[in-house]
Amino acid sequence: MEYRQELLEIPFEEFAPEVCRLWSEDWLLLTTGDFRTGRYNTMTVGWGMFGVMWGRPAALVVVRPQRFSAPLLADGDSFTLTALGPEYREALKYCGSHSGREGDKFAACGLTPMEAQKVAAPVIAEAELSIECRVLYADAFRAKNFRAKKIIAETYRDGDFHQTFCGEILKIRGLDRYRSVRRHA
């Protein structure tokens, strides 16, 4: 299986998405698990970051512990992030509101998981943007570490603090609109 549209390989130095819009408005699919074993899941995420950590290109994602993806990610060594076109908005809504414990979200949404090039977690054939990451660090938010205690009251009334996963970005493929050519003086 190959991507259904022509995606360019994008070096991290040329990766230039509209980051705030990508996370908070467009949303991404976080896919975890292992494609070869057939044990994987995807879920919609709207919180995260891209940047540099420990001198490596990195993505940070957060997952609540009760999500089906949480143990797959905690037990695995990789994840992928996928941006889809506007025609997949309902699929993104579905993947954010249904559990992988209850059925195959890929089949329900008409999405095609496929083997990634650098990691065990699958990528999605319908992607406009696909990011393959190897987990470097995992932890969980803790109440005692919040300086803005208001966030606990607003977001964690049940004490289900997000688990955090920092992944090294190993491969980016995307439409040209996710790329910016660096100009040297």
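Details of the structure are given in the entry above.
Quick caveat, the model's predicted, so the values are computed rather than measured. (Residues numbered from 1 in each chain as written. Predicted model: local features only at pLDDT ≥ 70, side-chain atom pairs only at ≥ 80, totals over all residues. Heavy atoms only, no water.)

A. Highlighting the environment of Arg157. You can see Arg157 is positioned in the loop between α5 (150-155) and β10 (163-174). Engagement of the side chain of Arg157 in a polar contact is seen with the backbone oxygen of Glu154, the distance being 3.4 Å. (Helix = DSSP H or I, 4+ residues; strand = E, 2+ residues; numbered from the N terminus. Polar contact = N/O pair within 3.5 Å; in protein donor to acceptor, adjacent residues only side chain to side chain.)

B. Seen up close, the state of the cysteines. All told, the structure shown has zero disulfides when counted by the stated rule. For Cys109, which is in no disulfide, the shortest distance to another cysteine sulfur is to Cys95 and amounts to 3.9 Å. Left without a disulfide partner, Cys133 is nearest to the cysteine sulfur of Cys166, which lies 8.7 Å away. On the basis of relative accessible area, Cys133 is assigned to the buried category, the value being 0%. (Disulfide = S-S within 2.5 Å. Buried < 20%, exposed > 50% of the residue type's maximum accessible area, 1.4 Å probe, protein only.)

C. A look at the layout of surface pockets. Here the largest pocket defines a volume of roughly 260 Å³. Every residue lining the largest pocket is counted, 16 residues in all, and those nearest its centre are Arg21, Asp26, Glu128, Arg177 and Tyr178. Contributing elements (two or more residues each) for the lining of the largest pocket: α1 (19-26) and α3 (89-97). The dominant element in the lining of the largest pocket, judged by the number of residues it contributes, is α1, at three residues. In terms of residue class, the lining of the largest pocket is made up of nine nonpolar, one polar and six charged. (1 Å grid on protein atoms, 1.4 Å probe; cavity = no way out; pocket = protein on both sides within 12 Å on 5 of 7 lines; lining within 4 Å. Points joined across faces, edges and corners; volume = space filled by probe spheres on them. Nonpolar A, V, L, I, M, F, W, Y, C, P; charged D, E, K, R; others polar.)

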